[in-house]
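Listed here are the chains, written in short residue letters.
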Amino acid sequence: MLLEICSDSLLSIENAIQGGAHRVELCQALCEGGITPSFALIKRARDLCKDIKLNVMIRARGGSFYYDESEIETMLLDIKECVKIGVDGLVFGALDENGLICKKVNKILLSETQNIPCTFHRAFDVVQNKFDALFDVIDLGFARILTSGFEKTAIEGAYNLKLLKDMAKDKIIIMAGSGINENNIADLYKATHINEFHGSFSSIVSDMSIYKQEKISFSASNFNDYEKKVSSYLKIKKALDNLNLCL
């Protein structure tokens, strides 16, 4: 069993380590599904993750997964810097204008990874040809696919996750993600027998600011500037405990 924690802060990484997580996926702007983090954050995360793996999201912006030339060039530069820093894995994925796996762009991005294991992220969940796309990703040489089974959450997509795992056999790892928490992770394992899970396992933490000007907000309407989501080591530990009970 492997538990990967999606983190956008050093505090979340520290809690992931304390909770016993096996790997961190570092990104920023989780409210947009995650984008490439700053190099300073990647370097500091690399220093923290001495005993666990560190994967880094490569995504130039939020929104769709069809990228123009300038965005592809940006992601190539990001990949080169991540290789220099010494990350353990990279996380990205590109689609074409028709919602299919874009082999051309993914090959370009993979060419700069220096054979670091790469995860095709949840762009996979919005492909037009669904199950056929699995073999495109396998042929490209990705190490794993992060997916909810084409549904909003992995629990809703459990049936498809099981199908993907069976179809993939030992050619690629299927990692379940989206909506996974410490209370449903064991049920998801029993339904799919997937061995890798991805989630933030977060709690809302209040800002330590004494003075708060709540009339003006700089975040999206459903976010509070004085609150943040931080991965909880207690939730991570409970998730692992519940998974271990399945063995």
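Residues numbered from 1 in each chain as written. Predicted model: local features only at pLDDT ≥ 70, side-chain atom pairs only at ≥ 80, totals over all residues. Heavy atoms only, no water.

J.: Lay out the sheet that holds strand S3 (residues 53–57) with the relevant residues and their values.
T.: Pairing is parallel in the closed barrel, where eight strands are placed in the order S1-S2-S3-S4-S5-S6-S7-S8. Across the sheet, the mean angle from the axis of one strand to that of its neighbour is 25°, orientation sign disregarded. As paired strands, strand S7 (residues 173–177) and strand S8 (residues 196–199) are joined by three bridges and run parallel to one another. Its bridge partner lying in S8, Ala176 is registered against Phe197. Sheet strands touched by helix H6 (residues 158–168): strand S6 (144–147) and S7. Its angle to S7, the strand with the most contacts, is close to 165°. (Pairing = 2+ DSSP bridges. Helix = DSSP H or I, 4+ residues; strand = E, 2+ residues; numbered from the N terminus. Axes fitted to C-alpha atoms, helices over the stretch in contact; angles between N-to-C directions. Contact = heavy atoms within 4.5 Å.)

J.: Before we move on, can you summarise the packing of helix H3 (residues 69–85) against helix H4 (residues 103–110) with the specific residues and values?
T.: Describing two packed helices takes the angle between their axes plus the distance from one axis to the other. Two numbers describe how H3 lies on H4: the axes approach to 9 Å, and their chain directions differ by 30°. One way to sum up the angle between H3 and H4 is to call them roughly parallel. Judged by residue contacts, Ile72, Met75, Leu76 and Ile79 of H3 engage Val105, Ile108 and Leu109 from H4. Looking at the contact of H3 with H4 residue by residue, the class counts come to seven nonpolar, no polar and no charged. (Parallel < 35°, antiparallel > 145°, perpendicular 65-115°, else oblique. Nonpolar A, V, L, I, M, F, W, Y, C, P; charged D, E, K, R; others polar.)

J.: Quick one: what's the story with the pattern of salt bridges, residue by residue and with numbers?
T.: The full count for this structure, using the stated rule, is 10 salt bridges. With a closest N to O distance of 3.4 Å, Asp136 and Lys103 form a salt bridge. Residue Asp136 is found in helix H5 (residues 131–140), and its partner Lys103 is found in helix H4; the two are separated by 33 residues along the sequence. You can call Asp136 buried: its relative accessible area is 16%. Of the charged contacts in the structure, one is a salt bridge between Lys237 and Asp241, with a shortest N-O distance of 3.2 Å. One end of the pair is Lys237 and the other is Asp241, both in helix H8 (residues 233–244) and four residues apart, which spans about a single turn. Overlapping salt bridges bring together Glu4, Arg23, Arg144 and Glu196 as one network. (Salt bridge = Lys/Arg side-chain N within 4 Å of Asp/Glu carboxyl O. Buried < 20%, exposed > 50% of the residue type's maximum accessible area, 1.4 Å probe, protein only.)

J.: Tell me about H5, and please be specific about residues and values.
T.: Because each turn of an α-helix spans 3.6 residues, side chains separated by three or four positions in sequence point in the same direction. Within H5, the full set of buried residues consists of Ala133, Leu134, Asp136, Val137, Ile138 and Leu140. In this structure, the buried residues of H5 make contact with H4, strand S5 (118–120), S6, H6 and S7. Residue Gly141 follows H5 closely and has a positive phi angle near 100°.

J.: How would you sum up the environment of Tyr189? Please name residues and give values.
T.: Relative to the elements of secondary structure, Tyr189 occurs in helix H7 (residues 185–192). In this structure Tyr189 comes out as buried when scored by relative accessible area, which is 13%. Counting along the chain gives 109 residues from Tyr189 to Lys80, while the straight-line C-alpha distance between them is 35 Å. Aside from chain neighbours lying at most four places away, what touches Tyr189 is Met1, Ile194, Asn195, Phe197, Leu243 and Cys246.

J.: Go over the side chain of Thr153 with me, naming the residues and quoting the values.
T.: Relative to the assigned elements, Thr153 resides in the loop between S6 and H6. Leave out the neighbours within four places in its chain, and Thr153 touches Ser148, Ser178 and Gly179.

J.: I'd like to hear about the pairing of S6, residue by residue, with values.
T.: Burial along S6 is two-sided: Arg144 and Leu146 and Ile145 and Thr147, pointing in opposite directions, are all buried. Both S5 and S6 contribute to a ladder of two bridges, which runs parallel. Bridging across to S6, Thr119 finds its partner in Arg144. Read from S5 through H5 to S6, the crossover connection turns out right-handed. Following the backbone out of S6, through H6 and into the adjacent parallel S7, one traces a crossover that is right-handed. (Right-handed = clockwise from strand over helix to strand, strands pointing away.)

J.: I'd love a proper account of the pairing of S3, names of residues and values included.
T.: A large share of S3 lies buried, amounting to four of its five residues. The pairing of strand S2 (residues 23–26) with S3 spans four bridges and is parallel. Each residue of the ladder has a partner; that of Val24, found in S3, is Leu54. Viewed along the sheet, the connection from S2 through helix H2 (residues 39–48) into S3 turns out right-handed. As judged from the three bridges shared by S3 and strand S4 (residues 89–92), these two strands associate in the parallel manner.

J.: Residue-level account of H2, with values.
T.: Taken together, the buried positions of H2 are occupied by Leu41, Ile42, Ala45 and Arg46. For H2, the arc enclosing every buried residue in end-on projection is 140°, short of the 170-degree limit, so these residues lie on one face. Residues of H2 that are exposed and angled more than 90 degrees away from the buried face: Ala40, Arg44 and Asp47. Contacts from the buried residues of H2 go to helix H1 (10–19), S2, S3 and H3. (Arc of directions from axis to C-beta.)

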